[in-house]
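The lines below spell out each chain.
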Protein chains: 2
Amino acid sequence: RDPKLRRVMLKEWVAIESDSVQPVPHFRQELSRMMAVAADTLQRLGAHVASVDMGSQQLPDGQSLPIPPVILAELGNDPTKATVCFYGHLDVQPADRADGWLTDPYMLTEVDGKLYGRGATDNKGPVLAWINAVSAFRALEQDLPVNVKFIIEGMEEAGSVALEELMEKEKDRFFSGVDCVVISDNLWISKRKPAVTYGTRGNSYFTVEVKCRDQDFHSGTFGGILHEPMADLVALLGSLVDPSGHILVPGIYDEVAPLTEEEVNTYKAIDLDLEEYRNSSQVATFLFDTKEEILMHLWRYPSLSIHGIEGAFDEPGAKTVIPGRVIGKFSIRLVPHMNVSVVEKQVTQHLEDVFSKRNSSNKMVVSMALGLHPWIANINNTQYIAAKRAIRTVFGTDPDMIRDGSTIPITKMFQDIVHKSVVMIPLGAVDDGEHSQNEKINRWNYIEGTKLFAAFFFEMAQLH
Amino acid sequence: RDPKLRRVMLKEWVAIESDSVQPVPHFRQELSRMMAVAADTLQRLGAHVASVDMGSQQLPDGQSLPIPPVILAELGNDPTKATVCFYGHLDVQPADRADGWLTDPYMLTEVDGKLYGRGATDNKGPVLAWINAVSAFRALEQDLPVNVKFIIEGMEEAGSVALEELMEKEKDRFFSGVDCVVISDNLWISKRKPAVTYGTRGNSYFTVEVKCRDQDFHSGTFGGILHEPMADLVALLGSLVDPSGHILVPGIYDEVAPLTEEEVNTYKAIDLDLEEYRNSSQVATFLFDTKEEILMHLWRYPSLSIHGIEGAFDEPGAKTVIPGRVIGKFSIRLVPHMNVSVVEKQVTQHLEDVFSKRNSSNKMVVSMALGLHPWIANINNTQYIAAKRAIRTVFGTDPDMIRDGSTIPITKMFQDIVHKSVVMIPLGAVDDGEHSQNEKINRWNYIEGTKLFAAFFFEMAQLH
């Protein structure tokens, strides 16, 4: 047995207060320590490890804080084997016992088979599961069936600061030869049934400004003789979506992928207890009554949400103001095969049509503040077949094939910058409470997840 | 000549920094000094003066500041004469030379016949004009043709703190025997033509809350399956008024006083330069093209303004939130003979109708946060006839008979608490800039205004 190998415990990693959200020196020191500990662990595994200096971060208050290094590690470079790259992060959300934690968030505590601690499921547990899977081959003195690369960052919860630049720089170096990227930074949709994630929605975020003049008016002195910007804006926002959630922008559904019977079957197979979902989300009634409709409207149909208005009266109390200039904000979650620039044109044209019918003397300006493409993988690709097979081996069941209604920026980065296929293989259960108090990972999920990754290596090798 | 009489100069009063808005001891001391100086002036005139202690004011920060006394003064109590009560205030808005004053705001400075200084027109000038009118009779050793009462406060710009309670207490004492109340705390609508104000609009301020749950949602995780509160609210607010400013609440116009030819003629006679009005308000295009329509929609027709939304995303930037609970705010300016409680019922019914058609599972609550009745005087009442005759005598013209689109709380207090008829006789020109930098009163307005009040005494006496 290699003396350098020792069992790395999730407890040790959770004990490091690697909070990237609170910009104070203590946490940044802990983050550096976290990355150093991880680099050391990978070195002991025999990996070639580079800790990439990411420089420092200038905060709005003038303070400058170091960005923890990103770890790029490689284990094996046999050109006959498949190369699998694992992305993970070791920073965590803030956690304060006073916020309602029943145990010390930085002291991994097992209760009834649940391992409570900040970062247990997001994302220290899954990173260690991957490392432990690799480590198992070393401990058994077996050859790894695949080449493995690791990209591990420490700023994910703070927006993956500077990561995009690093990916750009490394796309033809570190990432060359990578066959697929595995991310394990989301959750199952169930408590017991594993899942594979193959898509996320995109997002196009719009602002629509209506302006009469820069200053506000008094509603006593001017009410009755103005084209009031708020009346225009409310009419514009009111023209976007009907009470059933159907988007009213002409043409918006034209490019939405047609629904196939095969796809419908994937929704039917998914383990979702609607009653439990309703209770946990504290929503009395959803727009739809069936599991299939709900999943489809979260994942494969676009949705439009109105977020709010900037420039109007937004405080408690009663102010008699006529806002002179207001900015409405809404966004459309995009699905395959909607195109960001087409959506931008359709929305702009629609708002211009509605506005021109009002004969208002105000000025309207529509802009798209953000345009993120939807992501969808071909679930017949190698890494999906491998993941499914591995899940069948370890869990004895087919996975829920799920998507995420939100945009996961890291997925998009691998797709758009590095041009690699991504598979998301979550390990944690739906009730793990990532980002909230009493975050946990089930001992069962953690152990079975480690087995799953090892099985995934075998399946990838076999399919290569 | 009575040796106690001396000419009181506007300059002396403007020099007192009686700012009631900034809650700092210096200004409160200046306010006390201001009220003492005024009480002394009235005493020298021979008035019976009571300085009513108003106690102190607890500020949100825990600080306690004295409220300046209110002056109740009486001059003459001949039961055969009419009794005229003058309301005025001697506190001022803040003024800082650095904000763009061309002269020291507390040093009355004459330039081209204009007397610049904080409080010159709002309201120290008009109070002194009234005192000087009374004083003129004393100087000429003539009997005052009317009994005169004064109520002078020092907290008007800060919301007339504690004044309502005093009025309640004094309604059958100090105010008994008063035939009419004169207020001179607004402006003409013109630069050269005097005006009499005979009405103000009321206001009913509504909140409409739409709630799914207390917490917000993430638009990625929940967008597409919810009855979103913002979509409901935008539809509710969008149902209130059409692009031409017409209120869509059924029945809302039912009680609006019919327009008579006589009334139309009063608008025709009013001196308003539309081009100048458009420029000074920086509004390119109003809803209406003619002077008459604009005045009627500001004064004699109701208007509905949407003020804003509480609980939605209101900051700069792009936040992908689905607000869980939002409160829309709007108000209707009321005109004779609209009734606050009828309007409350109509608006509530309308919103309930619109909401129920949406079949939303959210909860909606409508409430009227504020209900202020419109005020209108009968312009055939004695004090109006007297004011018109006095204006004809002094200015050689009929006044603009004007209203105010806003609610003037003090007018309402005299009407609702003391039950006295009010006439508003402004002295200042439309461009006096009350509340803004370089406030002024024209020397001509100040002098002619003094004559106007003296003439008003004669006319009131004659009509009694």
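This one's a predicted model, so the numbers in the text were calculated from it and none came from an experiment.

Q: If you had to explain the UniProt feature "site: Important for catalytic activity" (unreviewed entry) in chain A to someone new, which residues and values would you point to?
A: Within the UniProt annotation, "site: Important for catalytic activity" (unreviewed entry) is assigned to A:His218. Within the secondary structure layout, A:His218 lies in strand S12 (residues 217–218). Not counting residues up to four positions away in its chain, the partners in contact with A:His218 are A:Gly223, A:Thr320, A:Ile322, B:Arg333 and B:Ser406.

Q: Help me get a handle on helix H10 (residues 340–358) of chain B, residues and values and all.
A: Because an α-helix packs 3.6 residues into every turn, residues spaced three or four apart end up facing the same way. All names here are of chain B. For H10, spanning 19 residues, the distance from its first C-alpha to its last is 28 Å, which sits close to the expected 27 Å at 1.5 Å a residue. Those residues of H10 that sit buried are Val 340, Val 343, Gln 346, Val 347, Thr 348, His 350, Leu 351, Val 354, Phe 355 and Arg 358. In the core, the buried residues of H10 are packed alongside strand S11 (202–211), helix H6 (229–238), strand S15 (325–334) and strand S16 (363–372). Two or three places before Ser 341, at the start of H10, stands the capping residue Asn 339, its side-chain oxygen 2.8 Å from that residue's backbone nitrogen. Following H10 by one or two positions, Asn 359 adopts a phi angle in the positive range, close to 55 degrees.

Q: Got a sec to walk through the sheet that holds strand S16 (residues 363–372) of chain A? Specific residues and values, please.
A: Residues and elements named next belong to chain A. An order of S13-S15-S11-S16 is seen for the four strands of this open sheet, with the pairing classed as antiparallel. Where the open sheet ends on each side, the last strands, each with one partner, are strand S13 (303–310) and S16. Going across the sheet, the axis of each strand differs from the next one's by a mean of 20 degrees, ignoring polarity. Bridge analysis of S13 against strand S15 (residues 325–334) gives seven bridges, and the strand direction is antiparallel. Looking at S15, one finds that Ser 305 is bridged to Ser 331. Contacting strand S11 (202–211), S13, S15 and S16, helix H6 (residues 229–238) runs over the sheet at an angle of about 155 degrees to S11.

Q: Describe in detail the interface of chain A and chain B, supporting the description with residues and values.
A: One widely used convention gives an interface's size as the accessible area the parts lose upon coming together. Facing the 63 residues of chain A at the interface are 63 residues of chain B. Between chain A and chain B, the buried area comes to about 5100 Å², and carbon and sulfur atoms account for 57% of it. Together, A:Ile225, A:Val234 and A:His307 form the three largest contributors to the area buried by chain A at its contact with chain B, with a combined 12%. Between chain A and chain B we count zero salt bridges in total. In this assembly, chain A and chain B are joined by 30 residue pairs in polar contact (both at pLDDT 80 or more). When residues of the side of chain A that touches chain B are assigned to their parent elements, the largest contribution, eight residues, is made by S13(A). Taken together, the residues of the side of chain A that touches chain B break down into 29 nonpolar, 24 polar and ten charged.

Q: Explain the domain arrangement of chain A residue by residue, including any values.
A: Residue and element names in this part refer to chain A. According to the domain assignment, chain A consists of domain 1 (10–200 + 375–463) and domain 2 (202–256 + 301–372). Contacts between domain 1 and domain 2 engage seven residues on the former and five residues on the latter. When domain 1 packs against domain 2, close to 460 Å² is buried across both sides, 60% of that on carbon and sulfur atoms. For the pair domain 1 and domain 2, the interface holds zero salt bridges. Where domain 1 touches domain 2, the interface holds one residue pair in polar contact (both at pLDDT 80 or more). Here the side of domain 1 that touches domain 2 is composed, by residue class, of one nonpolar, four polar and two charged.

Calculation rules
- Residues numbered from 1 in each chain as written.
- Chains lettered and ligands numbered in written order.
- Predicted model: local features only at pLDDT ≥ 70, side-chain atom pairs only at ≥ 80, totals over all residues.
- Heavy atoms only, no water.
- UniProt positions renumbered as here; feature names shortened; annotations may be inferred.
- Helix = DSSP H or I, 4+ residues; strand = E, 2+ residues; numbered from the N terminus.
- Contact = heavy atoms within 4.5 Å.
- Expected span 1.5 Å × (residues − 1).
- Buried < 20%, exposed > 50% of the residue type's maximum accessible area, 1.4 Å probe, protein only.
- Polar contact = N/O pair within 3.5 Å; in protein donor to acceptor, adjacent residues only side chain to side chain.
- Pairing = 2+ DSSP bridges.
- Axes fitted to C-alpha atoms, helices over the stretch in contact; angles between N-to-C directions.
- Buried area = accessible area lost by both parts, 1.4 Å probe.
- Salt bridge = Lys/Arg side-chain N within 4 Å of Asp/Glu carboxyl O.
- Nonpolar A, V, L, I, M, F, W, Y, C, P; charged D, E, K, R; others polar.
- Domains from an automatic or database assignment.

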